[in-house]
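Topology and contacts: notes
Residue-level listing of the chains:
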Amino acid sequence: MGEPLKRPELLVPASSLEVLKIAVIFGADAVYIGGEAFGLRAKAKNFSHEDMFQGIAFAHEHGVKVYVTVNILAHNYDLEGVREYLKELKELKPDGLIIADPGIFTYAREICPEIECHISTQANNTNYETFLFWYRLGAKRVVTARELSLEEIRQIRAHIPEDLEIETFVHGAMCISYSGRCLLSNYMVGRDANRGACTHPCRWKYSIVEEKRPGEYMPVYENERGTYIFNSKDLCMIEHMDDIMTSGIDSLKIEGRMKTALYVATVARTYRKAIDDYMESPEKYQANMPWYQEQISNCTYRQFTTGFFYGKPDSNTQIYTDNTYEKNFTYLGFAEAVDESGRIQITQRNKFSVGETIQIMKPDGRNLDVTVRGIYDCDGTSMESAPHAQQKLWIDLGADIQEYDILRREEEQ
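We now turn to the structure provided with this report. As the structure is a computational prediction, the values presented were derived from the model and not from experiment.

The secondary structure content of the chain amounts to 11 helices and 21 strands. For the chain, the proportion of its 413 residues judged to be buried stands at 53%. Summarising the internal contacts of the chain: among those between residues at least 6 apart in sequence, 69% fall at separations of at least 24. Roughly 18700 Å² of accessible area belongs to the chain as shown, and the carbon and sulfur atoms make up 49% of that amount.

Right, here's the structure in full:
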């Protein structure tokens with residue numbers, strides 16, 4: 001008899017306090033967030049000091065952990081600010097800090113040694129000696145480089161102590177660069193990806209021009225729109241959880257700290273069920289595969305790939321024709337409050353109208369089709385439609401709905 005299977009952590013991104021709450025309710029075991037400085041998603045909404053305080057409290061009330069990214073590659077002029085930021089985090093008491101830079105790691109161990117240090121994928125962690133190096137310095141967890149196969153991860157697990165945790169990305173956008181350390185954005189527009197300001201030039205359309213023939217585009221493209229030579233498909237391992245669950249990975253990480261609440265809820269709910277089903281029995285996981293496949297395709301994505309998990313990627317992992325997302329549903333809002341009559345309050349995100357059929361997305365996996373019976377502003381005035389983004393509204397759906405349920409609308413393909 002082998003050792004019993006260990007349930008891995010499901011680690012979900014959150015771009016804001018709202019999205020953190022949705023991630024928690026829809027199945028995350030842990031969430032990772034960024035503050036207003038020293039993280040690699042400067043264009044995300046990110047968390048103010050007060051939002052971080054509230055988010056950590058909300059997560060902890062629900063038994064969910066919070067990890068904060070401090071994963072820039074620091075320059076000299078960052079260091080004093082990093083020290084002050086770590087002192088703030090010491091008071092906020094997150095469960096872990098995600099760090100790439102050895103200098104920042106040194107400060108974290110000095111200033112807040114009681115908070116776990118997790119080594120970011122940005123540190124290019126490709127072998128077990130690197131894992132052991134960080135372990136000896138006091139790291140609790142190391143995030144694998146994106147370029148590792150499952151076999152390499154299994155080898156790492158076999159060579160490191162049991163109490164050193166392995167975290168690995170299993171879903172989300174892939175960078176063209178090495179473990180996300182990219183110079184394209186810095187070189188082209190002066191926005192440093194390694195300091196949180198990436199402009200995503202790997203998604204742009206490119207053509208080739210010969211130096212002595214300016215303006216003459218060379219015929220190297222796949223269609224009339226140009227060639228997206230750096231544009232990777234999105235990682236998705238929902239169909240391969242049998243391999244993931246037996247690989248020795250402790251934390252399954254979802255990419256997406258700039259994603260909407262709808263995206264986070266969809267991915268969290270799907271992977272939550274896949275993990276739980278597999279823990280119950282591999283047969284149940286396989287039997288429910290059509291549901292996972294359908295649900296995971298309901299959020300925005302760029303087609304799917306298994307990345308490096310089964311060997312070196314080839315041309316089939318790239319999208320050469322365009323950089324657009326597949327999109328099946330539009331996010332309308334979530335139930336922020338429910339009154340005695342069953343009406344819900346939302347902050348409306350996209351337009352919808354009375355009489356329209358929309359869908360309630362529940363954390364337990366159910367999707368309920370309902371008709372909008374009424375829309376009211378905060379003064380109780382009836383409205384035929386909700387055209388203005390961010391407007392606070394009360395909605396009558398005539399259905400069983402709880403706080404944090406999500407509203408979405410299916411789009412015609």
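Having seen it, we continue.
Now for the packing of helix α5 (residues 128–137) against helix α6 (residues 150–159). It is at 9 Å that the axes of α5 and α6 come closest, and there the two elements cross at 45°. Here α6 runs oblique to α5, going by the angle between their axes. The handedness of the crossing between α5 and α6 comes out as right-handed. Contact residues: α5 offers Y128, F131 and L132, while α6 offers Q155, I156 and H159. Classifying every residue of the contact of α5 with α6 by side-chain character gives four nonpolar, two polar and no charged.

The next point concerns the packing of aromatic side chains. Following the criterion strictly, the structure yields seven aromatic pairs and no others. Look at F334 and Y404: their rings are 5.9 Å apart centre to centre, the planes differ by 5°, and that puts the pair in the stacked class. Linking F334 in strand β11 (residues 329–334) with Y404 in the loop between β20 (392–396) and β21 (406–410), this pair joins segments that are 70 residues apart in sequence. For the pair shown, F334 and Y404 are each scored as buried. Members of the aromatic cluster, each reached through a chain of ring pairs, are Y278, Y285, W291 and Y292. Between R146 and the ring centre of F169, over which it is positioned, the NZ or CZ distance is 3.9 Å. The aromatic ring of Y263 is capped on one face by K259, whose charged end is 4.8 Å from the ring centroid.

Each strand in a sheet pairs with its neighbour through backbone hydrogen bonds, running either in the same direction (parallel) or in the opposite one (antiparallel). Within the open sheet, the four strands sit side by side as β11-β21-β15-β16. Their pairing is antiparallel. Of all strands in the sheet, those bounded by a partner on one side alone are β11 and β16 (367–371). Across the sheet, the axes of successive neighbouring strands diverge by a mean angle of 35°, strand direction being ignored. Where β11 meets β21, five bridges bridge the pair, whose relative direction is antiparallel. Note that in β21 the partner of F334 across the bridge is I406. Each of β11, β15 (357–361), β16 and β21 touches helix α9 (residues 261–280); the most contacted strand, β21, lies at about 95° to it.

Turning next to the packing of helix α2 (residues 49–61) against helix α3 (residues 79–92). At a minimum axis separation of 10 Å, α2 and α3 run at an interaxial angle of 30°. Crossing of α2 over α3 shows right-handed handedness. Facing α2, whose interface residues are H49, M52, F53 and I56, α3 presents Y85, E88, L89 and L92. Residues that form the contact of α2 with α3 fall into these classes: six nonpolar, one polar and one charged.

Residues three or four positions apart in an α-helix share a direction because the helix packs 3.6 residues into each turn. Those residues of helix α1 (residues 17–25) lying buried are L17, V19, L20, I22, A23 and V24. Tucked inside the fold, the buried residues of α1 contact β1 (9–13), β2 (30–34), α2, α9, β11 and β21. G27, located one to two residues past α1, shows a positive phi value of around 120°.

Turning our attention to the pattern of salt bridges. By the definition in use, this model includes 23 salt bridges. The shortest N-O distance in the salt bridge between D276 and R7 comes to 2.7 Å. Linking D276 in helix α9 with R7 in the segment before β1, this pair joins segments that are 269 residues apart in sequence. For the salt bridge of E280 with K284, the shortest nitrogen-to-oxygen distance reads 2.9 Å. Given a relative accessible area of 57%, E280 falls into the exposed group. Within the structure, one salt-bridge network assembled from shared partners comprises E9, R141, E165, E167 and K253.

With that settled, consider α3. Taking 1.5 Å per residue as the helical rise, α3 with its 14 residues ought to reach 20 Å, and the 20 Å between its terminal C-alpha atoms agrees with that figure. Those residues of α3 not exposed but buried are V82, R83, Y85, L86, L89 and L92. Where α3 terminates, the next one or two residues include K93, which has phi positive at roughly 60°.

Within the largest apolar cluster, 96 residues are counted, with the highest numbers of intra-cluster contacts made by L97 and Y271. Considering each element in turn, this core owes the most residues, 11 residues, to α9. The residues contacting Y271, other than those within four sequence positions of it, are L10, V170, H171, C236, M237, I238, M241, I254 and I296. In this structure, V370, I375, M383 and L407 belong to the second largest nonpolar core, which totals 17 residues.

This brings us to the sheet that holds strand β17 (residues 374–376). If you trace the five strands from one edge of the open sheet to the other, you get β12-β13-β20-β17-β18, paired in antiparallel fashion. Each edge of the open sheet is held by one strand with a lone partner, namely β12 (337–338) and β18 (382–383). The pairing of strand β13 (residues 344–347) with β20 spans four bridges and is antiparallel. Bridging from a neighbouring strand, Q345 pairs with W394 of β20.

Cut-offs applied
- Starting from 1, residues in each chain are numbered consecutively following that chain's sequence as written.
- In view of the model being predicted, local features appear only for residues whose pLDDT reaches at least 70, and side-chain atom pairs are presented and counted only at 80 or more, with totals across whole chains, interfaces and linings using the full set of residues.
- Computation of side-chain values: all heavy atoms of the structure, hydrogens and water removed.
- Only DSSP runs of H or I with at least four residues qualify as helices, and only runs of E with at least two residues qualify as strands; both kinds are numbered from the N terminus onward.
- The buried label goes to any residue with under 20% of its type's maximum accessible area, the exposed label to any with over 50%, and the partly exposed label to all in between, with areas taken from a 1.4 Å probe on protein chains only.
- For this analysis, residues touch if any pair of their heavy atoms sits within 4.5 Å.
- Surface exposure here means Shrake-Rupley accessible area, sampled with a 1.4 Å probe, where a residue is shielded only by the protein chains that are shown.
- Each axis is a line fitted through C-alpha atoms, taken for helices only over the stretch in contact, and angles between the N-to-C directions span 0 to 180 degrees.
- An angle below 35 degrees is read as roughly parallel, one above 145 as roughly antiparallel, one from 65 to 115 as roughly perpendicular, and any other as oblique.
- In this scheme the crossing of two helices becomes right-handed for a clockwise turn of the near helix relative to the far one and left-handed for an anticlockwise turn of less than a right angle.
- Three classes are used: nonpolar for Ala, Val, Leu, Ile, Met, Phe, Trp, Tyr, Cys and Pro, charged for Asp, Glu, Lys and Arg, and polar for all others, with Gly counted as polar.
- Only Phe, Tyr and Trp rings take part, Trp by its six-membered ring, and two of them pair if their centres are within 6.5 Å. Stacked means planes under 30 degrees apart, edge-to-face means over 60, and tilted covers everything else.
- Charge-over-ring contacts are defined here by two conditions on Lys NZ or Arg CZ: a distance within 6 Å of the ring centre and an angle within 35 degrees of the ring normal.
- Any two strands with at least two DSSP bridges between them are considered paired.
- Note on definitions: salt bridges are taken to be side-chain nitrogens of Lys or Arg within 4 Å of carboxyl oxygens of Asp or Glu.
- To estimate how far a helix should reach, multiply one less than its number of residues by 1.5 Å.
- Think of a nonpolar core as a cluster: buried Ala, Val, Leu, Ile, Met, Phe, Trp, Tyr and Cys residues, connected wherever their side-chain atoms sit within 4.5 Å.

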